[in-house]
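Working through the structure, step by step
Read off the chains here:
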Amino acid sequence: MSERFDFTGDELAPAYRAAVDAIEAGDLVVLPTDTVYGIAADAFKADAVQRLLDAKGRGRDMPPPVLISVVESLDALATDVPDSGRKLCQEFWPGPLTVICHAQTSLMWDLGETQGTVALRVPDHENTRELLSRTGPLAVSSANLSGQPAALDVYDAEEQLQDSVAVYLDGGTATGGQPSTIVDITGDTPHVVRLGALSLAQLRAVVPEVTSDLDTDEKKPTEEPLEASKDEEPVVAAKDDEPVAAVKDDDDEKKKPNDPDVRPAD
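Let us look at the structure shown here. Because the structure is predicted, anything quoted here is derived from the model rather than measured.

Quick notes on the rules
Residues numbered from 1 in each chain as written. Predicted model: local features only at pLDDT ≥ 70, side-chain atom pairs only at ≥ 80, totals over all residues. Heavy atoms only, no water. Phe/Tyr/Trp six-rings, centres within 6.5 Å; stacked < 30°, edge-to-face > 60°. Buried < 20%, exposed > 50% of the residue type's maximum accessible area, 1.4 Å probe, protein only. Lys NZ or Arg CZ within 6 Å of the ring centre and 35° of its normal. Core = buried A, V, L, I, M, F, W, Y, C linked by side-chain atoms within 4.5 Å. Helix = DSSP H or I, 4+ residues; strand = E, 2+ residues; numbered from the N terminus. Contact = heavy atoms within 4.5 Å. Polar contact = N/O pair within 3.5 Å; in protein donor to acceptor, adjacent residues only side chain to side chain. Salt bridge = Lys/Arg side-chain N within 4 Å of Asp/Glu carboxyl O.

Observations concerning the packing of aromatic side chains
According to the stated counting rule, one finds 2 aromatic pairs in the structure shown. A ring pair is formed by phenylalanine 7 and tyrosine 16, whose centres lie 5.6 Å apart and whose planes are at 80°; its orientation type is edge-to-face. As far as the burial class goes, phenylalanine 7 and tyrosine 16 line up, both buried. The residue whose ring lies beneath arginine 134 is tyrosine 16, and the NZ or CZ to ring-centre distance is 4.1 Å.

Quick look at the structure:
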């Protein structure tokens, strides 16, 4: 049976407690972000991530991205981050920027068929970042059935996902609406694979050498927000989700670096 909690105002203790308990139990939580509502699972629990994919009706070829609470977690989860990519993260996090990176090889997780990459974002939502600081990295996809519009409020998410989610956090109507802009920083030069809330001009104002194969900066994606598309993203397949992540053998063999967003190894 699902529970819904108010995620606004000052009395947030019950919402945090219920969400943390659900994540630790391997259950799913719907939460607000600065773009749309997301459905979240513990990124280091393979069965929880699979439960997320099942709830949306999608396969392992469309793995979810990972949300973190602070920019400092970038190096805990990603490796070989170029200076140009780091500048983008420092400028636009928290915010609607998702970066696709090489995953740290020491991390043992399973978000699907990611081919050694991880897609990361720090959402510009204070309460959700606080929750992330308590849970650690969360695999988060847009809160909707695959192929349906992403939910902009908790009631739409609840109507679509129903009892597949243990806890719904009601943060009001999402004000962003547009998906994040996705930039591949696995190479020396950042490359835009999806334009969203951040324009190419905004990115190039920070890193002039950013490249893109898109025809125009006004082109807007038609996929679900919080997700990357299969034809736009050659590194990690994800048709209607923002990015992806790395690989894990066993939940009992999690290896997590010493970082504010990553719990210590078992």
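Picking up where we left off.
Some remarks on the nonpolar core
Counting 33 residues, the largest nonpolar core has Trp93, Leu97, Leu120 and Leu203 as the members making the most contacts within it. Mapped by element, the contributors of at least two residues to this core are α3 (74–77), α4 (83–92), β6 (97–103), β7 (117–121) and α7 (200–206). If you tally residues by element for this core, the top one is β6, at 4 residues. Within the second largest apolar cluster, 20 residues are counted, among which are Val20, Ala22, Leu67 and Val167.

Concerning unusual backbone geometry
A cis amide bond links tryptophan 93 with the next residue in sequence, proline 94, at an omega value of -5°. Secondary-structure assignment places proline 94 in the loop between α4 and β6. Phi at aspartate 80 is positive, roughly 55°, even though this residue is not glycine. With respect to the helices and strands, the residue aspartate 80 is situated in the loop between β5 (78–79) and α4. Exposure remark for aspartate 80: the relative accessible area of 59% places this residue in the exposed category. Positioned with a positive phi, glutamine 115 is a non-glycine residue whose angle comes to about 55°. Position of glutamine 115 among the secondary structure elements: in the loop between β6 and β7. Taking the relative accessible area as the measure of exposure, glutamine 115 reaches 64% and is therefore exposed.

Topic: the environment of threonine 181
Tracing the backbone through its elements, the reader meets threonine 181 in strand β10 (residues 181–184). Apart from the residues within four sequence positions on either side, threonine 181 is in contact with Pro96, Leu97, Thr98, Val192, Arg194, Leu195, Gly196, Ala197, Leu198 and Leu203. One polar contact links the side chain of threonine 181 to the main-chain amide nitrogen of glycine 196, over a distance of 2.8 Å.

Some words on the pattern of salt bridges
One pass over the structure, following the stated rule, counts 7 salt bridges. In this structure, the salt-bridge partner of aspartate 110 is arginine 60, at a minimum N-O distance of 3.1 Å. Of this pair, aspartate 110 sits in the loop between β6 and β7 while arginine 60 is found in the loop between α2 (46–56) and β4 (66–67), placing the two residues 50 residues apart along the sequence. For aspartate 110, a relative accessible area of 17% translates into the label buried. According to the relative accessible area criterion, arginine 60 is partly exposed, its value standing at 34%. For arginine 86, the salt bridge goes to aspartate 75, with nearest N and O atoms at 2.8 Å. Taken as a pair, arginine 86 in helix α4 and aspartate 75 in helix α3 lie far apart in primary sequence, 11 residues in all.

Such coordinate-based values are descriptive only and should not be taken to indicate function.
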